Amino acid sequence: MNTVVDGPGWSYWPAPAKLNLFLHITGRRADGYHELQSVFRLLDWGDRIGLRVREDGQIHREGPSVPGVAEADDLVVRAALALQKASASTLGADIRVEKHIPAGGGFGGGSSDAATVLVALNLLWDTGLDEDALAALALGLGADVPVFVRGRNAWAEGVGEKLTPLTLPQAWYVLVDPGVHVPTAELFRSPDLTRDATPVKIADFASGTVLGNAFEPVLRRREPAIEAVFQALAGMGRARLTGSGSGCFVEFATCAAAEQALAELPKELRAWVAASVDHSPLLDALETTGIV
């Protein structure tokens, strides 16, 4: 997932997916937002973002991104506009989104795409914002965007923006997309959602005693396709849900074990294997430029 130059002026940048290895909701703030605890784990698989600098200051998305999302509402366009405003840059950009991460799956596709636009255009426009400044811009786009800007596995608290870097053992994952897209806001309104989980510590997670996702019981009850995936995965390990989406996964210690489990799944399931990474492929791409 390194930077690729393709055609006059275009460069391509990785936008890696993530998993939430667990997700608890510990309370609700006065402003209506929920307090969370989670662990973000970055993967070696994801989308790809094409960027071409414009001299006229215009921001344009070329082709589709997520089906049904208008250009003005697309996070990649909003990210470019936010960076342009914060930096007072007179430059613009054409943006292409090569989607591989399923929308609504909880794999972080939209957030990662936005983060890649912020980080890569910061370099291409030579705006000079540091990581903290980019992360602050990212939070204005969505609670999951900062972790992709920072590019490291992390323990997350607050609304997901309070990040503590974590070192995690290498792992491989069988990922399954049930093809269900439930709006996050609708899930947060569910009367069945547990919003008062007891806060835990990083040591609790490290001991292996903290798993589970607050949205899992809600989605398994209301979406037969998700329940069917959990049943299909039950024989190979502890199946989990990622984020507030429908994506499911099982963790394995070796690539061979993950590939074997994948081969045993029903062929009609959309499933694949991805590996964990300690360092975002986006940051790796920046480093290959010689600038970072």
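Please read all numbers here as calculations on a predicted model, not as lab measurements.

Reading the values: the criteria
- Residues numbered from 1 in each chain as written.
- Predicted model: local features only at pLDDT ≥ 70, side-chain atom pairs only at ≥ 80, totals over all residues.
- Heavy atoms only, no water.
- Helix = DSSP H or I, 4+ residues; strand = E, 2+ residues; numbered from the N terminus.
- Rg over C-alpha atoms; globule rule 2.2 N^0.38 Å.
- Buried < 20%, exposed > 50% of the residue type's maximum accessible area, 1.4 Å probe, protein only.
- Contact = heavy atoms within 4.5 Å.
- Areas by Shrake-Rupley, 256 points an atom, 1.4 Å probe, with all protein chains shown as cover.
- Phe/Tyr/Trp six-rings, centres within 6.5 Å; stacked < 30°, edge-to-face > 60°.
- Lys NZ or Arg CZ within 6 Å of the ring centre and 35° of its normal.
- Pairing = 2+ DSSP bridges.
- Salt bridge = Lys/Arg side-chain N within 4 Å of Asp/Glu carboxyl O.

Asker: Looking at this structure, I do not really get the overall build of the protein. What am I missing?
Answerer: A count of helices and strands for the protein gives 10 helices and 11 strands. For 292 residues, the compact-globule formula gives about 19 Å, and the C-alpha radius of gyration of the protein, at 19 Å, lands near that figure. Expressed along its principal axes, the backbone C-alpha trace of the protein runs to roughly 55 × 45 × 35 Å. Counting all 292 residues of the protein, 52% fall into the buried class. Looking at the protein alone, contacts between residues at least 24 apart form 73% of all its contacts between residues at least 6 apart. Taken as a whole, the protein presents about 12,700 Å² of accessible surface, with 53% of it coming from carbon and sulfur.

Asker: Help me out: how do you make sense of the packing of aromatic side chains in this one?
Answerer: The description of an aromatic ring pair uses the distance of the two centres, along with the angle that the planes make with each other. Enumeration according to the criterion identifies eight aromatic pairs in this entry. Relative to Phe107, the ring of Trp45 has its centre 5.7 Å away and its plane inclined at 85°; by these criteria the two rings are edge-to-face. Of this pair, Trp45 sits in strand 3 (residues 34-54) while Phe107 sits in the loop between strand 5 (92-98) and helix 2 (109-124), and the two are 62 residues apart along the sequence. Here the two residues Trp45 and Phe107 agree in accessibility, since each one is buried. Here the aromatic cluster, defined as three or more aromatic residues joined through ring pairs, consists of Phe22, Trp155 and Phe205. Across from the ring centre of Tyr12, 4.1 Å away, lies the NZ or CZ of Arg48, which sits over that ring. Over the aromatic face of Trp10 sits the side chain of Arg96, whose NZ or CZ is 3.8 Å from the ring centroid.

Asker: I tried to follow the pairing of strand 7 (residues 162-165) on my own but got confused; where do I start?
Answerer: Side-chain positions along a regular strand alternate between the two faces of the sheet. In this sheet, strand 7 lies alongside strand 6 (residues 154-157) in antiparallel orientation, the contact comprising four bridges. By the bridge assignment, Ala154 is partnered in strand 7 with Pro165. Linkage of strand 6 to strand 7, two consecutive antiparallel strands, is achieved through a turn of four residues, within which Gly158 is found at a positive phi near 70°.

Asker: Help me understand the pattern of salt bridges in this model?
Answerer: Opposite charge on two side chains permits pairing when their charged atoms draw close. In this structure the tally under the stated criterion is 18 salt bridges. In this structure, the salt-bridge partner of Arg54 is Asp94, at a minimum N-O distance of 2.9 Å. You can see Arg54 sitting in strand 3 and its partner Asp94 sitting in strand 5, a full 40 residues away along the chain. For Asp94, a relative accessible area of 5% translates into the label buried. Through salt bridges that share partners, Arg52, Arg54, Asp56, Glu62, Asp94 and Arg96 make up one connected network.

Geometry only, nothing functional implied.
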